[in-house]
There are 2 protein chains.
Amino acid sequence: MFVNLNAGPTKGPRFLGELGKLSQNEIILSEFRYRRGAEIFGEAEPAEYLYQVIDGAVRSYKLLSDGRRQIGAFHLAGDVFGLENGEAHRFTAEAIVDTTVRLAKRASLANVAEQDVTVARDLLTMTASSLRHAEDHMLLLGRKTALERVAAFLLEMDRRLTAAGVMALPMCRRDIADYLGLTLETVSRALSVLHDKGILGFVGQTQRQIVLLDRPKLGALDL
Amino acid sequence: MFVNLNAGPTKGPRFLGELGKLSQNEIILSEFRYRRGAEIFGEAEPAEYLYQVIDGAVRSYKLLSDGRRQIGAFHLAGDVFGLENGEAHRFTAEAIVDTTVRLAKRASLANVAEQDVTVARDLLTMTASSLRHAEDHMLLLGRKTALERVAAFLLEMDRRLTAAGVMALPMCRRDIADYLGLTLETVSRALSVLHDKGILGFVGQTQRQIVLLDRPKLGALDL
DNA sequence: CGGTGGGTTGAGGTATTTCAAGGCTCGTGG
DNA sequence: CCACGAGCCTTGAAATACCTCAACCCACCG
């Protein structure tokens, strides 16, 4: 499925500035809304826009020819994604739940960066931040056990989206598994273990809302 | 082990410009030589310099508390490493063999980037290039089989260092294993399989010089 | 020439995957 | 209002890819 961005942004161009850390400027911005499951852009498609999540959640992933999937990152409210230096996207991005994003035309961004050093610096900062995440994730994928991966995931999500003591995960077990390089069953089992050990609790019966009861013990697992 | 850079660079400062894609400029450069196995910088150390491999090979890695190691990248002649936006290094870097590097002071680089847009752009390009590599490597670590990983490794090294038909690997099996998220035995077995299938051959008896006999078959394994 | 640092190979163990079954929630339509 | 199916999650049992442990070989070097 391909989302036609030209048909797109219903709210029309805006000039609100500040896309993430980007400074106020004559950068063309607009907002767009994607339904749960909708593709925002596809791997290898020309990278026309840069995106920021206003509300909702996005997964970006790569596929192997036989369908194996690796999610490289989850993007939550405030996160910028679609950062490319080349001409094409290197991930497919999909809305995990109904999601609002803000878009900035890369071409206009590049122009502004030529003049305005702060914009150039912000682009570098955001790219470096993605790099740091990817580097940490390589360690997780290459060397951590299933339990350690799930513990690290919970701490990451706790940091990024916990409100009022509970984290409401937007993504399903399969997404978590494809992020952690595991199967959904292994993720489920690891969560059960942590639950049985009294390290986490579920609120509601959807299994998507988690409360961390023993952060120190979780941290001990996140080597 | 800690390499004291102040005691350091024997050849004295130079002004050769062009560190990787960096434009000619008043950036302070110097060269330094590291012995096989020597640490160039350590994880979490303040990041004072940016590095470029002139000759030799470098591994950068992260360690878990119990010694498990994940090598994030190998840096070969021409590669720039030590790219940080923050204040501290996020990897430990070691010379795999005797290695000559060129150094640029990050502080001076940052100054120049404020004035010269091309330097800023080059920094972004290099960071984006590291990011692309890390993203591809996440897919490998998260979702590929041992044979696929080794095949991908061989193709990467073939692309980056094959001369006159043979690739002379600077790194040992353990390094390869820690790069691919495997054990050295599994790497060795995978290489044996590829050898038995006639896909690759060894030249000399050190097992470090490899010639690819059937690139198409290797490519078929690199999904 | 003995020791050390790679490298290979075999046999057995195990963490994780695969396959399978069952439960719960929720939306939809009869 | 209830039946029904779809989606999501958990749990068990069996399979397996990879790891661990161990032996051995070879090249190199003081």
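Residues numbered from 1 in each chain as written. Chains lettered and ligands numbered in written order. Predicted model: local features only at pLDDT ≥ 70, side-chain atom pairs only at ≥ 80, totals over all residues.

Some remarks on the overall build of chain A
In terms of helices and strands, chain A carries six helices and eleven strands. Looking at chain A residue by residue over its 223 residues, the buried ones come to 42%. Here the analysis covers contacts within chain A between residues at least 6 apart in sequence; of these, 68% occur between residues at least 24 apart. (Helix = DSSP H or I, 4+ residues; strand = E, 2+ residues; numbered from the N terminus. Buried ≥ 20, exposed ≤ 12 C-beta atoms within 10 Å, placed from the backbone. Contact = placed C-beta atoms within 7 Å.)

Observations concerning the interface of chain B and chain A
Between chain B and chain A, the contact holds 30 residues from the first and 30 residues from the second. Those elements that place two or more of their residues in the side of chain B that touches chain A are β6 (69–76) and α2 (117–143) of chain B. By residue number, the principal contributor to the side of chain B that touches chain A is α2(B), which donates 18 residues. Along the lines of polarity and charge, the residues of the side of chain B that touches chain A split into twelve nonpolar, ten polar and eight charged. (Nonpolar A, V, L, I, M, F, W, Y, C, P; charged D, E, K, R; others polar.)

Regarding the domain arrangement of chain A
All names here are of chain A. Each assigned domain of chain A is listed with its residue range as follows: domain 1 (29–141) and domain 2 (144–221). Taken together, the contact pairs twelve residues of domain 1 with eleven residues of domain 2. In terms of residue count, the dominant contributor to the side of domain 1 that touches domain 2 is strand β5 (residues 69–76) (five residues). (Domains from an automatic or database assignment.)

Observations regarding the confidence of the model for chain A
Here chain A averages 89 in pLDDT, while 88% of its residues score no lower than 70. Between residues 1–18 of chain A, whose pLDDT stays under 50, and residues either more than four places distant or in other chains, the model counts 29 contacts. (pLDDT = per-residue confidence, 0-100.)

With respect to the protein's contact with DNA strand C
As a matter of local geometry, DNA strand C sits amid 18 residues, with Thr186(A), Cys172(B), Arg173(B), Ser188(B) and Ser192(B) nearest to it. Broken down by secondary-structure element, the contributors of at least two residues to the surface near DNA strand C are α5 (184–196) of chain A together with α4 (173–180) and α5 (184–196) of chain B. Considered class by class, the residues forming the surface near DNA strand C number five nonpolar, seven polar and six charged. (Near = placed C-beta within 6 Å.)

Regarding the sheet that holds strand β6 (residues 80–81) of chain A
Residue and element names in this part refer to chain A. Spatially, β1-β8-β3-β6 is the arrangement adopted by the four strands of the open sheet, whose pairing is antiparallel. This sheet does not close on itself; its edge strands, each paired only once, are β1 (29–34) and β6. Where strand β3 (residues 49–55) and β6 come together, two bridges link them in antiparallel fashion. Each bridged residue has a counterpart across the sheet, and for Gln 52 the counterpart in β6 is Val 80. Along the sheet face, helix α1 (residues 106–115) touches β3 and β8 (99–105) and points at about 50° away from the line of β8. (Pairing = 2+ DSSP bridges. Axes fitted to C-alpha atoms, helices over the stretch in contact; angles between N-to-C directions.)

Side note on the relation of the copies chain B and chain A
Mapping chain B onto chain A calls for a rotation angle of 180° and an axial translation of 0.0 Å; the resulting RMSD is 0.0 Å. Overall, the copies show the geometry of a two-fold rotation axis. A shared interface surface links the copies, since 100% of the contact residues of chain B are contact residues in chain A too. (Least-squares fit on C-alpha atoms with pLDDT ≥ 70 in both.)

Let's talk about the sheet that holds strand β12 (residues 209–212) of chain B
Residues and elements named next belong to chain B. Read across the sheet, three strands follow the order β10-β12-β11 without closing on themselves; strand pairing throughout is antiparallel. The sheet is open, and its two borders are formed by β10 (167–168) and β11 (200–202), each paired with just one other strand. The pairing of β10 with β12 spans two bridges and is classified as antiparallel. The residue of β12 that forms the bridge with Met 167 is Ile 210.

Structural notes on the packing of helix α2 (residues 117–143) of chain A against α2(B)
One can describe the packing of α2(A) onto α2(B) by two numbers: an axis separation of 9 Å at closest approach and a directional angle of 20°. In terms of their interaxial angle, α2(A) and α2(B) are classed as roughly parallel. Handedness of the crossing formed by α2(A) with α2(B): left-handed. Looking at the contact of α2(A) with α2(B) residue by residue, the class counts come to 18 nonpolar, eight polar and two charged. (Parallel < 35°, antiparallel > 145°, perpendicular 65-115°, else oblique. Left-handed = near helix turned anticlockwise from the far one by under 90°.)

Some words on the protein's contact with DNA strand D
Taken together, 18 residues are adjacent to DNA strand D, and Cys172(A), Arg173(A), Ser188(A), Ser192(A) and Thr186(B) come closest. Of all elements in the fold, only α4 (173–180) and α5 of chain A together with α5 of chain B reach the threshold of two or more residues within the surface near DNA strand D. With six residues, α5(A) is the single largest residue contributor to the surface near DNA strand D. Partitioned by chemical class, the residues of the surface near DNA strand D number five nonpolar, seven polar and six charged.

Points about the packing of helix α3 (residues 146–161) of chain A against α5(A)
Residues and elements named next belong to chain A. Where α3 meets α5, the axes come as close as 9 Å, and the angle between the chain directions of the two elements is 75°. Considering the angle they form, α3 stands roughly perpendicular to α5. On α5, the residues touching Ala 146, Leu 147 and Val 150 of α3 are Thr 186, Val 187, Ala 190, Leu 191 and Val 193. Here the contact of α3 with α5 is composed, by residue class, of seven nonpolar, one polar and no charged.

Structural notes on α4(A)
All names here are of chain A. Most of α4 sits out of view: six of its eight residues are buried. Buried within α4 we find Asp 175, Ile 176, Ala 177, Asp 178, Tyr 179 and Leu 180. Next to the buried residues of α4 lie β4 (57–63), β5, α3 and α5. Remark: Gly 181 follows α4 within two positions and exhibits a positive phi of approximately 70°.

Things to note about the pairing of β12(B)
By the bridge criterion, three bridges tie β11(B) to β12(B) in an arrangement that is antiparallel. Residue pairing across strands places Gly201(B) opposite Val211(B), the latter belonging to β12(B).

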